[in-house]
Amino acid sequence: MRMQGRFNMRDPMTRLLAVAVAAASLFAADAQACALSPNIVTPAAPSATYNVFDPAPTVRDVSVTLTNTAPTQCLVRLAAQSFNGASPQFGMAGASALLAYELLAPGGVPIESSSSPLDGLAITVPANGSAAVTLRIRIASGQVVSPGVYQDSMQLRTFDASSLALLQSQAVTAIASVAPQAQVAVVGTGPGDTVDFGDLLEGKTLGIQVYLRGNTNMSVTFISANRSTLRHESVVSARPIPYTAAFGGSTLNLSGGSAEVVRSLASINAAGGQFPMVFTIGSTAGSAAGRYTDTMMLVVLPNP
C-alpha cells in the first residue's frame, strides 16, 4: 500500500480555515434538518357532544399533519399540555366542573399532559414531505357534570428529537357540549309495570320506588288516565273506585288528570335518587264486582 502527502508547516492558517469552513457546513446541514411548516390540525377546534349517562366513552379524532421543507428528514417529538388539567391529566373546564379526558396516540397509548418533549410522541417527517398522525380525544363515561359547554385550550408542542429544542407551539381548543339529562326508573311493580292490589279493600296500600337521576333540576309529571280512579274494565256504568297517590311523602292532586312535582338536583342527590310512591284505595261501597284499572304515566324532563 502506497501513501503520500505533503505537509506545509509554513501554512497552518490555510488548514485551520478549511476545518472551520467544514465545521460551519456541518452546522448548516444540522440547522436544515428541521424546517417545519405550521402544523395543520383537522378539525382545528375538535368538538363532541357528551351524554353523561351513555355507558360508552365519547371519542373525537384529530389529525395533525407535519410538513418538512428541508432536504433531510426531521426527527421530532410531539407533546401536548392541557390548560385546565393537572399533569398528567387533561381537562375541559365548564361553569362549575372539570370534564376529564385523555389524549391517545395511535394504538391507544395515552399521552401525558406535559410540556416536556420526553413525554411526547416520536415522529419522523421525511425530507421535503409530510407525516400525519391521528390523535384521539377520549372522554370517559360516568362523569355526571352540569349542562353547558366545556373546553380546554390544549397546547401542541413540536420539539427537535435530538436537541429537544422547541420548534413550534400551537393552541388547539377541545370542546364538549353537555346536554341536560333526566331519567326515571320504577322498582317494585309486577310484570308489565303493573301495581296489582289483588282484592280491592278500602284503605289498602301498595308502594313502589321511583328512582330519578340527572345532571340538573327536573320536573316529574304524573298523568292519570282516569283522574285518580280505578274503572271497571267491562261495565262502563259501574261506580269507579277512587285512590290516592303520594310521591316522596306528598299527596298528588290528580283530579285534573295530571300533577307536576319539581325536584332540585341537590334534593335528588340528598335522597340518593330514591323516592317512595304509595297508592291507597278509597271507598269501594256500591261498586260492582269485577276488575278495575287505571293507567298512570310518569314523564321526567330536565328543568335547568
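Now for a quick tour of the structure. (Residues numbered from 1 in each chain as written. Predicted model: local features only at pLDDT ≥ 70, side-chain atom pairs only at ≥ 80, totals over all residues. Heavy atoms only, no water.)

### Details of the overall build of the chain
- Helices and strands together make up the secondary structure of the chain, namely two helices and 21 strands.
- Within the chain, the proportion of its 304 residues that are buried is 34%.
- Here the analysis covers contacts within the chain between residues at least 6 apart in sequence; of these, 78% occur between residues at least 24 apart.
- Accessible surface computed for the chain: about 16700 Å², of which carbon and sulfur atoms make up 55%. (Helix = DSSP H or I, 4+ residues; strand = E, 2+ residues; numbered from the N terminus. Buried < 20%, exposed > 50% of the residue type's maximum accessible area, 1.4 Å probe, protein only. Contact = heavy atoms within 4.5 Å. Areas by Shrake-Rupley, 256 points an atom, 1.4 Å probe, with all protein chains shown as cover.)

### Observations concerning the nonpolar core
- Within the largest apolar cluster, 35 residues are counted, with the highest numbers of intra-cluster contacts made by Met92 and Leu99.
- In terms of residue count, the dominant contributor to this core is strand 9 (residues 129-139) (five residues).
- Setting aside residues up to four positions removed in sequence, leucine 99 forms contacts with Tyr50, Phe90, Gly91, Met92, Ile139, Gln143, Val145, Tyr150, Ala176 and Val178.
- With 25 residues, the next largest nonpolar core counts Val220, Phe247, Ala259 and Ile281 among its residues. (Core = buried A, V, L, I, M, F, W, Y, C linked by side-chain atoms within 4.5 Å.)

### Focus on the pattern of salt bridges
- In the structure shown here, the tally under the stated rule is three salt bridges.
- Glutamate 102 serves as the salt-bridge partner of arginine 138, at 3.4 Å between the closest nitrogen and oxygen. Pair noted here: arginine 138 is in strand 9 and glutamate 102 is in strand 6 (residues 98-104), with a separation of 36 residues, a long-range link.
- Under the relative-accessibility criterion, glutamate 102 is labelled partly exposed at 29%.
- Put simply, arginine 291 and glutamate 233 hold a salt bridge, and the shortest N to O gap is 3.4 Å. Residue arginine 291 is found in the loop between strand 19 (274-281) and strand 20 (292-293), and its partner glutamate 233 is found in the loop between strand 15 (229-232) and strand 16 (241-247); the two are separated by 58 residues along the sequence. Judged on exposure class, the residue arginine 291 and its partner glutamate 233 are both exposed. (Salt bridge = Lys/Arg side-chain N within 4 Å of Asp/Glu carboxyl O.)

### Describing the sheet that holds strand 18 (residues 258-263)
- What the three strands build is an open sheet, ordered 18-14-21; its pairing is antiparallel. Two strands bound the open sheet, and with one partner strand each, they are strand 18 and strand 21 (296-302). Each strand axis lies, on average, 20° off the axis of its neighbour in the sheet, ignoring direction.
- The pairing of strand 14 (residues 218-224) with strand 21 spans seven bridges and is classified as antiparallel. (Pairing = 2+ DSSP bridges. Axes fitted to C-alpha atoms, helices over the stretch in contact; angles between N-to-C directions.)

### Digging into the packing of aromatic side chains
- Here the structure, examined in full by the defined rule, presents four aromatic pairs.
- By the ring-pair criterion, three or more aromatic residues cluster together here, those being Phe222, Phe247 and Phe275.
- The aromatic ring of phenylalanine 53 is capped on one face by arginine 213, whose charged end is 4.1 Å from the ring centroid. (Phe/Tyr/Trp six-rings, centres within 6.5 Å; stacked < 30°, edge-to-face > 60°. Lys NZ or Arg CZ within 6 Å of the ring centre and 35° of its normal.)

### Let's talk about the side chain of glutamine 168
- Of note, glutamine 168 is situated in strand 11 (residues 166-178).
- Classification of glutamine 168 by relative accessible area gives buried; the value is 15%.
- Here serine 37 takes part through its backbone oxygen, which lies 2.9 Å from a polar atom of the side chain of glutamine 168.
- Discounting chain neighbours no more than four positions away, the residues touching glutamine 168 are Leu36, Ser37, Pro38, Asn39, Leu156, Arg157 and Thr158. (Polar contact = N/O pair within 3.5 Å; in protein donor to acceptor, adjacent residues only side chain to side chain.)

### Details of the environment of threonine 251
- Tracing the backbone through its elements, the reader meets threonine 251 in strand 17 (residues 250-251).
- On the accessibility criterion, threonine 251 (61% relative accessible area) is exposed.
- Between the C-alpha atom of threonine 251 and that of methionine 277, which follows or precedes it by 26 residues, the distance is 9.4 Å.
- Not counting the four nearest positions on each side in its chain, threonine 251 is found in contact with Ala245 and Ala246.

### Section: the side chain of glutamine 143
- By secondary structure assignment, the location of glutamine 143 is in the loop between strand 9 and strand 10 (148-160).
- Assessed through its relative accessible area of 15%, glutamine 143 is described here as buried.
- A distance of 2.9 Å separates a polar side-chain atom of glutamine 143 from the backbone nitrogen of alanine 100.
- Leaving out residues up to four positions away in the same chain, glutamine 143 has contacts with Tyr50, Val52, Leu98, Leu99 and Ala100.

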